[in-house]
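Each chain, written out:
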Amino acid sequence: MPHDPRLDPEMAAALAAEPLPPTVLHRLDRRELAALRAARAETAFPPPAEGVVVTDHRLPGPGPVRVRFYRPREAPPGPLPCLVWIHGGGMVLGTPETDDARVSAYVLGAGCAVASVDYRLAPEHPHPTPVEDCYRALRWTAERAGALGVDPERLTVGGISAGGGLAAATALIARDRGGPPLVFQFLLCPMLDNRNTTESSREFTEAVTWPRANNLYGWAALLGPLAGGDEVSPYAAPARAADLSGLPPAYVDVGELEVFRDECAQYALRLIGAGVSTEFHLWPGAFHGFDGALPRLSLPRRAAGEQIAVLRRALGGPTN
């Protein structure tokens, strides 16, 4: 990506010294996508933090859906609030293990449990399979609350990128199907709008991460021939929802220099207009997924600290 003068100077210097390897999805066929997934599976992602206990569960019912469950090794007495977490990857990539370090920080910093969903990926599993897998995991968490040691009255749903979009959609489904009740939705740079017509969607044909072509690929994988059309369910693209009332309070964040900037800002404003208490954070000079890509730098550390504070407040965890 050519240097953007708006890019945070500290992150610009780090990227100049060691550029991030690009993920190029444009025109990959299924065999090539499978090879990319296999290569990523060999990547050594940071493991769960010390002090976090991790167990894997297979959900009953059709389809091989796994939930990776995290809880603090030393927890206070009583049931914990729980975040049902949905990983990113443009609807076509990713596993819960990708986010082991991130959700460990939430567990320890916010004093909660996390149920991370290994939803089935497009294009092999197009809409509605991914979001139905996520809703199924939310229901399972609520129904198994006693065995899991979580409080069914303090459930939230959240995710990053494609996972943020799926989290927003899961919140819509939970509202429309009468539960499980949610206290919060935690949407990090969410992928919300299949139309790709905003100014930021058109602007970032080149980007540090996740350019426009990747985004078009992800939506096409999820929706097939419906990707660019109007006959799209809000459970696939939450920005298409006509009514956002009755949803749980929300946190929405996004970087200044990414395709999702405008759709996230618009969604946050629409939530507010629908009477949903919403906090919106636009990170200046930041690219898509900056907090995970360069976690030791100042702006990513600010963002990560903000996420912990938001979850503590929403879930009623410790305040210091």
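Residues numbered from 1 in each chain as written. Predicted model: local features only at pLDDT ≥ 70, side-chain atom pairs only at ≥ 80, totals over all residues. Heavy atoms only, no water.

Please clarify how helix α1 (residues 9-17) should be interpreted in this entry.
One turn of an α-helix holds 3.6 residues; hence residues three or four places apart share an orientation. Of the positions making up α1, those classed as buried are M11, A12 and L15. One side of α1 holds all its buried residues, which, seen down the axis, span an arc of 105°. Away from the buried face of α1 by more than 90 degrees, exposed residues P9, A16 and A17 are located. In this structure, the buried residues of α1 make contact with β8 (278-287), α10 (290-293) and α11 (298-315). (Buried < 20%, exposed > 50% of the residue type's maximum accessible area, 1.4 Å probe, protein only. Helix = DSSP H or I, 4+ residues; strand = E, 2+ residues; numbered from the N terminus. Arc of directions from axis to C-beta. Contact = heavy atoms within 4.5 Å.)

What exactly am I supposed to notice about the packing of helix α3 (residues 100-110) against α11 here?
In a packed pair of helices, the relevant descriptors are the angle between the two axes and the axis-to-axis distance. It is the contact of α3 with α11, at a shortest axis distance of 9 Å, that shows an interaxial angle of 50°. With respect to their mutual orientation, α3 and α11 come out oblique. Between α3 and α11 the crossing geometry is right-handed. Listed contacts from α11 to R102, A105, Y106, G109 and A110 of α3 are Q307, I308, L311 and R312. Looking at side-chain class alone, the contact of α3 with α11 contains 5 nonpolar, 2 polar and 2 charged residues. (Axes fitted to C-alpha atoms, helices over the stretch in contact; angles between N-to-C directions. Parallel < 35°, antiparallel > 145°, perpendicular 65-115°, else oblique. Left-handed = near helix turned anticlockwise from the far one by under 90°. Nonpolar A, V, L, I, M, F, W, Y, C, P; charged D, E, K, R; others polar.)

Even after reading the chapter, I still don't get the pairing of strand β5 (residues 150-160), so can you show me in this structure?
Most of β5 sits out of view: 8 of its 11 residues are buried. Where strand β3 (residues 80-86) lies against β5, 6 bridges are found, and the strand directions are parallel. For L83, the partnering residue across the bridge sits in β5 and is T156. In this sheet, strand β6 (residues 184-188) lies alongside β5 in parallel orientation, the contact comprising 5 bridges. Bridge pairing in β6 links I160 to L188. Between β5 and its parallel partner β6, the chain crosses via helix α6 (residues 162-176), and the hand of that crossover is right-handed. (Pairing = 2+ DSSP bridges. Right-handed = clockwise from strand over helix to strand, strands pointing away.)

Would you mind showing me how to read the side chain of R102 here?
Tracing the chain through its elements places R102 in helix α3. Judged by its relative accessible area of 15%, R102 falls in the buried class. Beyond its immediate chain neighbours, meaning those up to four positions away, R102 contacts W85, I160, L188, D291, G292 and Q307.

Any chance you could explain the sheet that holds strand β4 (residues 113-118) here in plain terms?
Sheet strands line up and pair through hydrogen bonds in the backbone, either parallel or antiparallel. The strand order β1-β2-β4-β3-β5-β6-β7-β8 describes an open sheet built from 8 strands, whose pairing is mixed. The open sheet has two free edges, formed respectively by β1 (52-58) and β8, since each of these has just one partner strand. The average undirected angle you get between the axes of adjacent strands in this sheet is 20°. Taken together, the 7 bridges between strand β7 (residues 250-257) and β8 define a ladder with parallel strand orientation. Bridge pairing links D253 to H281 in β8. Contacts between α3 and the sheet are confined to β1, β2 (66-72), β3, β4, β5 and β6, with β2 contributing the most and set at about 40° to the helix.

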